[in-house]
Amino acid sequence: MLLLSRRWRHFAGRPFSSTWFQSARKDATSTQQDADLSKYDVVVIGGGHAGTEAASAAARLGARTLLLTHKIDTIGQMSCNPSFGGIGKGHLMREVDALDGLCARICDQSGLNYRVLNKRKGPAVWGLRAQIDRKLYKEHMQKEVLQTPLLTVWEASVEDLLLTTPETDHPGKCCVSGVVLDDGRRVHAGSVILTTGTFLRGMVLIGLEKHPAGRMGDQPSIGLAQTLQRLGFTMGRLKTGTPPRLLKDSVDFTLLQKQEADPRPLPFSFLNEAVWIKPEDQLDCYLTHTNPKVEQIVRDHLHLNNHIQETTRGPRYCPSLESKVLRFPNRVHQIWLEPEGLDSNVIYPQGISMTLPPEIQEELITHIRGLEEAKIVQPGYGVQYDFLDPRQLTASLESRLIQRLFFAGQINGTTGYEEAAAQGIIAGINAGLRVKGKPPFIVSRTEGYIGVLIDDLTTRGTNEPYRMFTSRVEFRMFLRPDNADSRLTLRGFHEAGCVSQKRYDQASWMKSMLEEGMEALKSVNFSTSKWIQLIPEVTINPHPAAMYSALDILERYEVNMEILARAAPEPLKKFAEIRQLAERLKIEATYAKSVFLQKLEIEEVRRDEALQLPEDLDYFSVDVSFSDEVRELLNSCRPQTIGAASRIPGITPAALFNLLKFVKRRHKRAERIRESPRTAGLSTGAELQGEKRASSC
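Computed from a predicted structure; not experimentally measured. (Residues numbered from 1 in each chain as written. Predicted model: local features only at pLDDT ≥ 70, side-chain atom pairs only at ≥ 80, totals over all residues. Heavy atoms only, no water.)

**Q** Describe in detail the sheet that holds strand β4 (residues 111–117), supporting the description with residues and values.
**A** An order of β3-β5-β4 is seen for the 3 strands of this open sheet, with the pairing classed as antiparallel. With one partner strand each, in any of the chains shown, β3 (83–85) and β4 form the two edges of the open sheet. Adjacent strand axes in the sheet meet at a mean angle of 15 degrees, parallel and antiparallel pairs treated alike. As paired strands, β4 and strand β5 (residues 127–132) are joined by 6 bridges and run antiparallel to one another. Paired with R115 across the strands is R129, a residue of β5. (Pairing = 2+ DSSP bridges. Helix = DSSP H or I, 4+ residues; strand = E, 2+ residues; numbered from the N terminus. Axes fitted to C-alpha atoms, helices over the stretch in contact; angles between N-to-C directions.)

Next up, the structure:
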């Protein structure tokens, strides 16, 4: 239990008592004795960032959901850095929030330092980011999860899957029907979601030492990894790492460059107008750097580091200090010193993840400016773990091999809390819909960063930990963090049922007001001379014969809605009085023309996406002019649409053209069959061939 000082207690609202947590955990585990008789709609394995989003999403759909985790105390634990968001990642958080996810709201209740990154560029690529109080985040997340209706939490380890014969209307050699716990008890389920993070055959490494663990202090999942391998899943091995934690009192911050938080913190969640902490009470971060002496120490001790010698791929965009020294020699690297909590005496040195022996880490730290007297609370360490080739999943994150089995998070080869949460909420929604017999909820790459993330994984796969960036997204002007609710909340409410009435009403109101505001801006038209007279504080290029609308002025000049409302109060005043609405209208105006052009491109992409490929198509026997290499690629990736096939590396333009002709021929034949009842039962030829289904696993 976090004990807030008197100075901070008023921020936290009503504190969570230890009695409340003990009672909640007792309730969560009290029914475990009856596991053999249990039947749930959805079972989620793993209580990390993917698992909590998946479990709560399934429960919001009305599915009776069970979350299985090694320790209830670790739900919501931030195993690595104490921060959320960033460039590209902030977009994912906004989209998770638009679907009524948890992480954005929890971050608004537990942040220490809020900043918007990339502010020198346009709002389309701004990155919302916050330093988070680890203990507060975990407490708020546990309270949210343990109080979610229809969601039960058990402390248990899963060793195996229960399987049954496959459904005839879906591809797959068998169907999951539940899980087997480590003590032999069985829990039956309509869908199962695996969100095991780094726990599948996880191995922690420090120096030359290694021992089995999913993270420091937690046992790995061995039986489940063996089950997946036995079932025929293609598995790989990845690695990641974390830096040593430092004692705050031992750091000399006076020597370092301070980075202050934004004076007006911007909330992650659309439901919040402000974050929990006062701007002036936010904590600062500090910047220091490596130097040639640090690099020399790393080089001199590489032979004592098993983790860096392994051929397993690590994160390219968040490499260890050892990797930086090897890949970028003779360079200085940034180290951000980040607070871990309001009452914490621990500092997280972002940028020096390392797995050197503890005594070498201690020596190295003292050669960094400001850390000359620094003490290490916990040494840095590396983790190696199994992951699933995500090309074996559909866009709903359901396995093609085992029906009703979903995967989300680091098990799919990603890195980062935000990427895990994004996959978790989609897997949870679709696992719930699968039980209800409803169509899957798919976010395409034209609709969200979540769609880009999942499409990249399921069509291209990954051989290194995948991280989201704005550069991966084709339609950045349209897929902005400010409009995630307009893009996804209404869909989530109508198509999935994962969005609350409160959020739906708010998103509908905002969408309506934005449309009304844009029309009002278009309706106000004056000559340039009149505009110069009305808003003299704005420099406007005079054009005697030109007429400009208020929308033109808002788009082209450093003008906000408050200034325009003074010029034309009757139609515009009400839109300037609500800060969030006024700010969003400014962004909408800024991108109006670019979005119009991008929407034309989006329509072209959606036409390709509309051309569905049969799920059970046998690419090795189909009568199309493909090379053996193309057939193998298509069979291994199994794209669901022509658009997805076009994004598979190695698929040539000629192969894509032949595939497109095949799909169009098939669609025309299907139309003729529908139009002619006499031929409705005829379906011959290689075009209609499919993979043979296994009657069992």
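**Q** I'd like a description of the environment of W336, backed by residues and values.
**A** One can find W336 in strand β16 (residues 334–339). A sequence separation of 19 residues divides W336 from T355, and the C-alpha atoms of the two residues are 18 Å apart. With residues up to four places along the chain from it excluded, the contact list for W336 reads Q259, Y286, L287, Y348, P349 and Q350. For W336, the side chain forms a polar contact with the side chain of Q334, separated by 3.4 Å. (Contact = heavy atoms within 4.5 Å. Polar contact = N/O pair within 3.5 Å; in protein donor to acceptor, adjacent residues only side chain to side chain.)

**Q** Describe the packing of aromatic side chains, naming the residues involved and giving the relevant values.
**A** Here the structure, examined in full by the defined rule, presents 7 aromatic pairs. Here F233 and F407 contribute two aromatic rings whose centre-to-centre distance is 5.5 Å and whose plane-to-plane angle is 65 degrees, an arrangement assigned as edge-to-face. Of the two residues, F233 sits in the loop between α7 (223–230) and β12 (235–242) while F407 sits in strand β21 (residues 405–407), which places them 174 residues apart along the sequence. The pair formed by F233 and F407 is uniform in burial state, with each residue classed as buried. Here the aromatic cluster, defined as three or more aromatic residues joined through ring pairs, consists of F84, Y137 and Y417. A cation sits over an aromatic face here: R94 above F270, 4.6 Å from the ring centre. One Lys or Arg, K119, reaches over the ring of W126 and ends 4.7 Å from the middle of that ring. (Phe/Tyr/Trp six-rings, centres within 6.5 Å; stacked < 30°, edge-to-face > 60°. Buried < 20%, exposed > 50% of the residue type's maximum accessible area, 1.4 Å probe, protein only. Lys NZ or Arg CZ within 6 Å of the ring centre and 35° of its normal.)

So far we have only geometry, and geometry alone does not tell us how the molecule works.
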